[in-house]
Amino acid sequence: MKPAEAYILRQNEPYRSILLHLQLLIEHTLPESHLEYKWKLPCYYIEKRPICYLNHSKDYVDVGFWHSAHLTKYTEHMVSENRKVVKSMRYRTLEAIDDDLFIKILKEVEKYKNKSFLK
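Note on numbering: residues in each chain are counted from 1, in written sequence order. Side-chain atom pairs in this predicted model are given and counted only at pLDDT of 80 or more, local residue features only at pLDDT of at least 70, and totals for whole chains, interfaces and linings cover all residues. In computing side-chain properties, one takes all heavy atoms of the structure into account and sets aside hydrogens as well as water.

Q: Help me out: how do you make sense of the overall build of the protein chain in this one?
A: Of the regular secondary structure elements, the protein chain holds three helices and five strands. Runs of H or I in DSSP of at least four residues are treated as helices and runs of E of at least two as strands, each being numbered from the N terminus. When the helices and strands of the protein chain are placed in sequence order, the string is α-α-β-β-β-β-β-α. Buried residues are those whose accessible area, probed at 1.4 Å on protein chains only, stays under 20% of the maximum for their type, while exposed residues exceed 50% and partly exposed ones sit between those limits. Buried residues in the protein chain amount to 45% of all 119 residues. We call two residues in contact whenever any of their non-hydrogen atoms come within 4.5 Å of each other. Sequence separation of at least 24 residues holds for 55% of the intrachain contacts in the protein chain that already meet a minimum separation of 6.

Q: What is the right way to read helix α3 (residues 99–111) from this model?
A: Residue pairs spaced three or four apart in an α-helix point in one direction, given the helix's 3.6 residues per turn. Take the residue count of a helix, subtract one, and multiply by 1.5 Å to get its expected span. For α3, spanning 13 residues, the distance from its first C-alpha to its last is 19 Å, which sits close to the expected 18 Å at 1.5 Å a residue. Those residues of α3 that fall on the buried side of the exposure criterion are Leu101, Phe102, Ile103, Ile105, Leu106, Glu108 and Val109. Buried residues along α3 sit in contact with α2 (15–29), β3 (49–57), β4 (60–65) and β5 (87–91). Each polar contact in these results corresponds to two N or O atoms within 3.5 Å; when the atoms are within protein, one needs to be able to donate a hydrogen and the other to accept it, and residues that are neighboring in sequence are counted only if both atoms are side-chain atoms. N-cap assignment for α3: the residue whose side-chain oxygen lies 3.2 Å from the backbone N of Asp100 is Asp98.

Q: Quick question: what am I supposed to make of the environment of Asp98 here?
A: Position of Asp98 among the secondary structure elements: in the loop between β5 and α3. A polar side-chain atom of Asp98 sits 3.2 Å from the main-chain amide nitrogen of Asp100.

Q: Whenever I open this one, the pattern of salt bridges confuses me. Can you help?
A: Two side chains with opposite charge may pair up if their charged atoms get near one another. By salt bridge we mean one thing: a side-chain nitrogen of Lys or Arg within 4 Å of a carboxyl oxygen of Asp or Glu. In the structure shown here, the tally under the stated rule is four salt bridges. The shortest N-O distance in the salt bridge between Asp62 and Arg90 comes to 3.0 Å. Of this pair, Asp62 sits in strand β4 while Arg90 sits in strand β5, placing them 28 residues apart in sequence. Residue Glu108 is joined to Lys111 by a salt bridge in which the shortest nitrogen-to-oxygen separation is 3.1 Å.

Q: I would appreciate a short explanation of unusual backbone geometry in the present structure.
A: For residues besides glycine, phi is generally negative; the peptide bonds are generally trans as well. In this structure, the amide linkage connecting Glu13 to the following residue, Pro14, adopts the cis form with an omega of 5°. Within the fold, Pro14 resides in the loop between α1 (3–9) and α2. The backbone of Lys40 sits at a positive phi, close to 65°, despite the residue not being glycine. Mapped onto the elements, Lys40 comes out in the loop between β1 (33–38) and β2 (41–46). On the basis of relative accessible area, Lys40 is assigned to the exposed category, the value being 66%. Within the chain, Lys58 stands out as a residue other than glycine whose phi angle is a positive 55°. Relative to the helices and strands, Lys58 is located in the loop between β3 and β4.

Q: Would you take a moment to explain the nonpolar core for this structure?
A: Core analysis: the largest hydrophobic core is formed by 37 residues, its most contacted members being Leu22, Leu54, Val63, Phe65, Tyr91 and Phe102. For Phe65, the contacting residues outside a window of four places in its chain are Ile51, Cys52, Met78, Val85, Val86, Lys87, Ser88, Met89, Phe102, Ile105, Leu106 and Val109. As used here, the term nonpolar core means buried Ala, Val, Leu, Ile, Met, Phe, Trp, Tyr and Cys residues forming a set that is joined through side-chain atoms within 4.5 Å.

Q: Would you explain the sheet that holds β3 in this entry?
A: Picture the strands of a sheet paired through backbone hydrogen bonds; they go either parallel or antiparallel. Strand order in the open sheet formed by five strands is β1-β2-β3-β4-β5, and the pairing between neighbours is antiparallel. In this open sheet, the two strands that pair with only one neighbour each are β1 and β5. Averaged over all adjacent pairs, the angle separating strand axes in this sheet is 25°, with direction ignored. As paired elements, β2 and β3 share four bridges and run antiparallel to each other. Residue Ile46 lies in a different strand from β3, and its bridge partner there is Arg49. Pairing between strands is defined by DSSP: at least two bridges between them are needed. Only the stretch in contact is used when a helix axis is fitted, and all axes are lines through C-alpha atoms; the angle between N-to-C directions ranges over 0 to 180 degrees.

Written as C-alpha cells, this is what we have:
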C-alpha cells in the first residue's frame, strides 16, 4: 500500500470517511491528478504541480489549496488563518461536505495549476 493511502486508511472515523469521500471527489473531478505522499501528507498533483493536500488535524479534515492567492470565487468558504499562500476547506463531518461547492473550487483551482503560488 502506498503511504498516502495508508495515511487515509489509518485515520479514525469520521475522518477516514471524510478523507475517502474527498479523495473520490478529487479523482473524479481532476482525473489527470495523482496522489503522492509529501510532507507526511497526501497531496494531489497535476503533472509536477501540487494542487491540494489532505490533512487530519485536531477535530477536522483540512483540504489546503496552494494556488488560493489566485482565487476570487468561493473564498468566503475558505480558511486562511494568517497563512500567506494556502487557504483551505475544513470538514468535521461527512455531511458537512457540499459536493457541488467542492467540485467548483477544484475546477477553479485547476485553472491556475501553471501559475506561481503567489500573485
